[in-house]
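Structure assessment
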Amino acid sequence: MAERISRLAAGLAAMVALGAVAGCGGGKPVAAADRTGELTVWLTVDAQESWPALVTEVNDRFRKTYPKIKVTVQYQQWTTKNQKIDAALAGRKVPDVVEMGNSETTNYIVNGAFAPVDPKKFDHSTEWLPALRDACRNDGKTYCVPYYVGARVGIYRTDLLTQVGVDRAPRSYPELRADLDKLKAKFGAADKNFSAFYMPGRYWNAAMAFVKDAGGEIAVRKDGRWHGALSSARSVAGLTAWKDLLDAYYTGDRSKDNGDEPGVVGQGKVGMFYGNTWEAKAATDSRSGGDPALRGKFATFAFPGPSGRLLPPFLGGSTLAIPAKSGNQDLAQDWIRLFTDRTSQRRLIAADTLPNNTTQLREVAAGGINGPAARAAETGWVTPLAPGWGAVEKSNVLPEMLQDIATGKQSIPDAARAADRRIDAVINER
């Protein structure tokens, strides 16, 4: 991907310049109401499945200004989205707006694939969550707009905790461990497959939260280059705390990831887990392997870390970018402005999704399922904003390191040093 994009960089820069000239060249400016053409928007299926009414509403608002512009929204799967974007960027016809994961943007930005935008034109841009804002920036310019975010929290079985005499969520790490001990003693003694805490070995988003909690990093930038930092003393301390929790309370397969977490939790042999808030509902949905009999038996809490602070969650989120080859960059920017303004963000909040800015995080109901996630999101983090981060993820460095640690194949320091070497080999590639 990076190699193909880099070949386009020079051509894309030229296209941006030509587009700017064409947009403000000779002739009278065309009034907004008289503009004609088509605006193509690529969103992922999340919008289609979870907030289709918002898409319709924004398109209606957009048409009030541009009644002769046809807006076509096409929904993409996460697994094939980037492949399609790469193919489009290599050709002449590109979508005008594309949705990107916040860990995906850097390589595209540094290789000239996206056009810059003016953050001043967007609501709450000075309060954008750093994990989204920073993923859109390079060399002092902004190349995408934060859309929404998700933060992991603790999720627990209220009925099981009640049976061990606990009527509230854990508020500190010692309370968490004490509650897990009680769950393990009561339910684990009778069922060796019961996990007081569900934590599969390859669950890197969770493990890296413990690294961050200990003050460690996945990678750091020094003298203009990125370097793996998992073998630092603080990172090793975080990995040690993560493995200690896994060793004490998890009975499942240590060589798997969390991809089927709702289905596993839905089997009824888990007391607590660390996940996205939607997974609590999914664990009660038979379509995802869950059990409808568990409805009403899950609650969320802001997960406390060993440091005494909230465990800082990985903020998985989306941004919206305008390909540099788009001939409708001004229209695309106006559509994104509407789709991410404060009104649209309130619609996302109503759909149990976190907004793109710290101001509206306070509008999330504290007592709702997303209340703890909103509280945790302010301390959230994102993967290193390095040009080769996509290559790091693709090579599965983190899951493989964690599996080696979880299964005892390697010691934590040895596995971390090996991971750092693998990270160093690819993280600076454009």
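One structure accompanies this document, and this report is about it. (Residues numbered from 1 in each chain as written. Predicted model: local features only at pLDDT ≥ 70, side-chain atom pairs only at ≥ 80, totals over all residues. Heavy atoms only, no water.)

1. Topic: the environment of Val71
- Tracing the chain through its elements places Val71 in strand S2 (residues 69-76).
- Separated by 12 residues in sequence, Val71 and Asn59 have C-alpha atoms that sit 6.9 Å apart.
- For Val71, the residues in contact, after removing those within four places along its chain, are Leu39, Val41, Asn59, Phe62 and Trp335. (Helix = DSSP H or I, 4+ residues; strand = E, 2+ residues; numbered from the N terminus. Contact = heavy atoms within 4.5 Å.)

2. Here's the deal with the pattern of salt bridges
- Considering all chains together, one arrives at 23 salt bridges under this definition.
- Here the salt bridges share partners, and the residues they tie into one network are Arg168, Arg171, Glu175 and Asp179. (Salt bridge = Lys/Arg side-chain N within 4 Å of Asp/Glu carboxyl O.)

3. What about the pairing of strand S7 (residues 153-157)?
- Of all five residues making up S7, five are buried, and the element is well covered by its neighbours.
- Two elements, S7 and strand S11 (residues 270-275), share four bridges in a ladder whose sense is antiparallel. Paired with Tyr156 across the bridge in S11 is Met272. (Buried < 20%, exposed > 50% of the residue type's maximum accessible area, 1.4 Å probe, protein only. Pairing = 2+ DSSP bridges.)

4. What about the nonpolar core?
- Formed by 84 residues in total, the largest nonpolar core has its most connected members in Leu183, Met208 and Met401.
- Looking at this core element by element, the count peaks at eight residues for helix H10 (residues 233-249).
- Once you skip the residues sitting within four places of it in the chain, Met208 turns out to touch Ile218, Leu230, Leu239, Trp381, Leu398, Met401 and Leu402.
- With 29 residues, the next largest nonpolar core counts Val41, Tyr66, Phe122 and Tyr147 among its residues. (Core = buried A, V, L, I, M, F, W, Y, C linked by side-chain atoms within 4.5 Å.)

5. Observations regarding the packing of helix H18 (residues 397-406) against helix H19 (residues 412-426)
- Interhelical geometry of H18 versus H19 gives an angle of 165° and a closest axis separation of 9 Å. Here H18 is positioned roughly antiparallel relative to H19, judged by the angle of their axes. Between H18 and H19 the crossing geometry is right-handed. Between H18 and H19, the residues in contact are Val397, Glu400, Met401 and Ile405 and Ile412, Ala415, Ala416, Ala419, Arg422 and Ile423, respectively. (Axes fitted to C-alpha atoms, helices over the stretch in contact; angles between N-to-C directions. Parallel < 35°, antiparallel > 145°, perpendicular 65-115°, else oblique. Left-handed = near helix turned anticlockwise from the far one by under 90°.)

6. Overview of helix H8 (residues 173-188)
- Those residues of H8 that sit buried are Tyr173, Glu175, Leu176, Arg177, Asp179, Leu180, Leu183, Phe187 and Gly188.
- Its buried side turned inward, H8 meets helix H7 (158-163), strand S8 (195-198), helix H9 (204-213), H10, S11 and strand S12 (298-301).

7. Overview of the state of the cysteines
- Tallying each qualifying case throughout the model produces one disulfide.
- The disulfide partner of Cys136 is Cys144, and the S-S distance across this bridge is 2.0 Å. The disulfide joining Cys136 to Cys144 has a torsion of about -105° about its S-S bond and is therefore left-handed.
- Of the residues examined, Cys136 reaches a relative accessible area of 0% and is grouped as buried.
- Relative accessible area serves as the criterion here: at 0%, Cys144 is assigned to the buried category. (Disulfide = S-S within 2.5 Å.)

8. Here's the deal with the sheet that holds S11
- Sheet architecture is open: four strands sit in the order S8-S11-S7-S12, paired in mixed fashion. Each edge of the open sheet is held by one strand with a lone partner, namely S8 and S12. Shown here is a sheet whose adjacent strand axes are inclined to one another by a mean of 20°, direction ignored.
- Looking at chain direction, S8 and S11 are connected through three bridges and run parallel. Across the sheet, residue Tyr198 finds its bridge partner in S11, namely Phe273.
- On top of the sheet, H8 reaches S8, S11 and S12; it is set at about 140° to S11, its chief contact.

9. Things to note about the sheet that holds strand S3 (residues 97-101)
- Strand order in the open sheet made by the five strands is S2-S1-S3-S13-S6, with mixed pairing throughout. Since the sheet does not close on itself, it has two edges, and those belong to S2 and strand S6 (144-151), each with one partner. With strand direction ignored, the average angle separating the axes of adjacent strands in the sheet is 20°.
- Two strands pair when backbone bridges link them, and strand S1 (residues 37-44) and S3 are joined in this way by two bridges, in the parallel orientation. Counted as the bridge partner of Val41 is Val97 from S3.
- Across the sheet, helix H3 (residues 52-65) is in contact with S1 and S2; its angle to S2 comes to roughly 160°.

10. A few points about unusual backbone geometry
- Phi is positive for His124, close to 55°, though the residue is something other than glycine.
- Structurally, the position occupied by His124 is in the loop between helix H5 (105-110) and helix H6 (130-133).
- Residue His124 is classed as buried on the basis of its relative accessible area, which comes to 16%.
- In this model, Asp352 sits at a positive phi of 60°, which is unusual for a non-glycine residue.
- Tracing the sequence through the fold places Asp352 in the loop between helix H14 (342-350) and helix H15 (358-361).

11. Things to note about the side chain of Thr72
- In this structure, Thr72 sits in strand S2.
- Looking at Thr72, its side chain comes within polar contact range of the side chain of Glu38, at 2.6 Å.
- For Thr72, the contacting residues outside a window of four places in its chain are Glu38, Leu39, Thr40 and Val41. (Polar contact = N/O pair within 3.5 Å; in protein donor to acceptor, adjacent residues only side chain to side chain.)

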